[in-house]
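Read off the chains here:
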Amino acid sequence: MNNQNELLYPSSISKPSNLTEHSESLSLSNFVYNHMNDVIKALAELKTDDSELKDISIRGRVCNLKEVEKVLHDIQKNTIYKSNITAKFDVAGRRPSFNPPEVVFLPRLRLEISPQSEAQNDIGTAYYDKENDRYIVKAVCKFHHEFNHEISVDGQVKCIILNGSSEVQAFDFSIGQFDVGVGEDKIIEIFAFVDKGSQAFQLLDEYTPLNFDFIFSSSDRPVRGSNTWMAMGKIDLSLNFIGNYSYDEQVQIQSIMNNEVSSIFNQQGLLIGDTMRNSLLPTDMNYSNFKDISFNDNGLSTEANQLRSNWPGLSNYLDIFFVESFSSVQNPAIAIGKDSGFSPIDGPTAKNSGDSGVIIEGKNAQFELLSSDSVRLVFGVYIAHFVGHFLGLQECPGDMGCSDSPLNFMKPPPTTYTPFGYILNRQFTRLQFLKVAEHGFIKKVLISDI
Ligand SMILES: [Zn+2]
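A brief structural summary. All of these numbers come straight from a predicted model, not from anything done at the bench.

We now examine the overall build of the protein. When its secondary structure is counted, the protein shows eleven helices and 22 strands. When contacts within the protein are restricted to residue pairs at least 6 apart in sequence, long-range pairs at least 24 apart make up 70% of them.

Structure follows, in structure tokens:
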């Protein structure tokens, strides 16, 4: 058989001339040589952790090793890759003890790109530059190689912007030339500007995550690295404490806003910006009026409306009033039914109105131990829930963005007596984010914010 004839010349595959960089060419040829009788069922698999490349599986007889070589060679020669490539050769029906060799290609010059700052899921913030009406993407580029001589990167950079897999924009720019020393992690920071009028600008403006590929030419080969960026929304909060909140408690609640609440909203790129603490002093004649919010039989509260009308925080900041307790003389169940807080749905950005703010029953006995992790988590979910209402979200399943998951943060919270049943309700969906982003309190994260 022709196939076997080819196999009689293992020297032709002993060290493929184009594969000088791989570390195990010898064991590969030994492998083929040693399994001449098996190889008729051989299988070669190419694995790579470079998302640009697909895993390749070449099935067939080992006469196709040339084909395997060709694929390896093409990848070596023509592909701009950023990470290791491993080729694995296997034999179908192998003995259990048989351990097929892997061929690992040593990385040449490679590049890792990370955003200068990020929300969750490693997505970087594309900052809006108000002055020039454009977005700015800041990328941290780490170059590394394992040669024993310096590599020079000439500073010609190509940037390709992709939405999913489709290219929306490409442009070139240049930075200064630099060298990457032996064993060095060379880190540089670059900026890409996305001007108004481009499709990429439009997509960023709609909070679409975009992939930015950066390709640098060098004295080795061009290297490529990429990451995802998107515009982020930001909200500033005024934390207004009415009642007996010690300085430590106020700071702890502020820290819950910046951590537990923030981590819910960060899932989709909504960031908590400034949190400002305000408090009504015990000497204020209204202190005792408003530390407890009372409801009438219909669940309405004149006190809550007066509180929101008369003590607004800064304009452009969402007011969250932390009172001590809720009560209802006629029907205590009404106060309990307030689930530790309440808020209008899609509240106003204008201040001094009866519904301009969220009200939270922060001295609820269940939330007292603010230093406990589980109290922080569950209190964070409650606060996020009422902020979600203010920013326009309905109780699930009332919105398109409510997923099937029972863990959405806009699912109705349990009553104050079983708050910990709510601790895992942290899911915030993309559709919910897009709805919230339309609210007047949500601003784009600006370049001047950093
Ligand atoms: Zn609700």
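The structure having been displayed, the exposition proceeds.
Before going further, it helps to spend a moment on helix α8 (residues 302-310). For α8, the full list of buried residues reads Glu 303, Ala 304, Leu 307 and Arg 308. Down the axis of α8, the buried side of the element spans an arc of 130°, and every buried residue falls inside it. Turned more than 90 degrees from where α8 packs its buried face, Thr 302 and Asn 310 sit exposed. For α8, the secondary structure elements touched by its buried residues are β15 (233-242), α7 (287-290), β17 (292-294), β18 (318-323) and β21 (358-361).

What follows concerns the pairing of strand β10 (residues 166-174). In terms of strand pairing, strand β9 (residues 151-163) meets β10 through eight bridges, oriented antiparallel. If you follow Gln 156 over to β10, its bridge partner there is Ser 174.

What follows is about helix α10 (residues 373-390). For α10, with 18 residues, the first-to-last C-alpha span of 26 Å sits near the 26 Å given by 1.5 Å per residue. Counting buried residues along α10, 13 of its 18 residues qualify, which places the element largely inside the surrounding structure. Downstream of α10 by a residue or two, Gly 392 has a phi angle that is positive, lying close to 115°.

Bringing the pairing of β18 into the picture now. Two faces, one strand: in a regular strand the side chains alternate between the faces of the sheet. Summarising burial for β18: six of the six residues are buried, a large majority. Bridge count for β15 against β18 is five bridges, and the pairing is parallel. The partner of Leu 237 across the bridge, within β18, is Leu 318. Looking at chain direction, β18 and β21 are connected through four bridges and run parallel. Bridge pairing links Ile 320 to Val 358 in β21.

With that settled, the discussion passes to unusual backbone geometry. With the exception of glycine, most residues fall at negative phi, and the peptide bonds are largely trans. Going from Cys 396 to Pro 397, the amide bond is cis rather than trans, its omega being 10°. The residue Pro 397 is located in the loop between α10 and α11 (430-436) in this model. A positive phi angle, close to 75°, is found at Ser 340, a residue other than glycine. By the C-beta count within 10 Å, which is 25 here, Ser 340 ends up buried. Positive phi, normally seen in glycine, also occurs at Asn 352, with a value near 60°. Among the structural elements, Asn 352 can be located in the loop between β20 (341-342) and β21.

To continue, consider the nonpolar core. Counting residues in each nonpolar core, the largest one holds 56 residues, and the members touching the most others are Phe 322 and Ile 383. No other element matches the ten residues that α10 contributes to this core. Each residue touching Ile 383, except ones within four places of it in the same chain, is listed here: Met 257, Val 261 and Ile 360. The next biggest cluster of nonpolar side chains, apart from the first, holds 31 residues, and it includes Leu 109, Val 137, Ile 161 and Ala 200.

Moving on, we come to the environment of Phe 173. Turning to its location among the elements, Phe 173 is positioned in strand β10. Along the backbone, Phe 173 and Ala 192 are 19 residues apart, and their C-alpha atoms lie at a distance of 8.8 Å.

The geometry of helix α6 (residues 247-266) relative to α10 is characterised by a closest axis approach of 9 Å and an angle of 65° between their N-to-C directions. The hand of the α6/α10 crossing is right-handed. Only Arg 376, Leu 377, Phe 379, Gly 380, Val 381, Ile 383 and Ala 384 of α10 make contact with α6, whose side of the interface consists of Ile 256, Met 257, Glu 260, Val 261, Ile 264 and Phe 265. Its residues assigned to classes, the contact of α6 with α10 comprises ten nonpolar, one polar and two charged.

Analysis parameters
- Residues numbered from 1 in each chain as written.
- Predicted model: local features only at pLDDT ≥ 70, side-chain atom pairs only at ≥ 80, totals over all residues.
- Helix = DSSP H or I, 4+ residues; strand = E, 2+ residues; numbered from the N terminus.
- Contact = placed C-beta atoms within 7 Å.
- Buried ≥ 20, exposed ≤ 12 C-beta atoms within 10 Å, placed from the backbone.
- Arc of directions from axis to C-beta.
- Pairing = 2+ DSSP bridges.
- Expected span 1.5 Å × (residues − 1).
- Core = buried A, V, L, I, M, F, W, Y, C linked by C-beta atoms within 7 Å.
- Axes fitted to C-alpha atoms, helices over the stretch in contact; angles between N-to-C directions.
- Left-handed = near helix turned anticlockwise from the far one by under 90°.
- Nonpolar A, V, L, I, M, F, W, Y, C, P; charged D, E, K, R; others polar.

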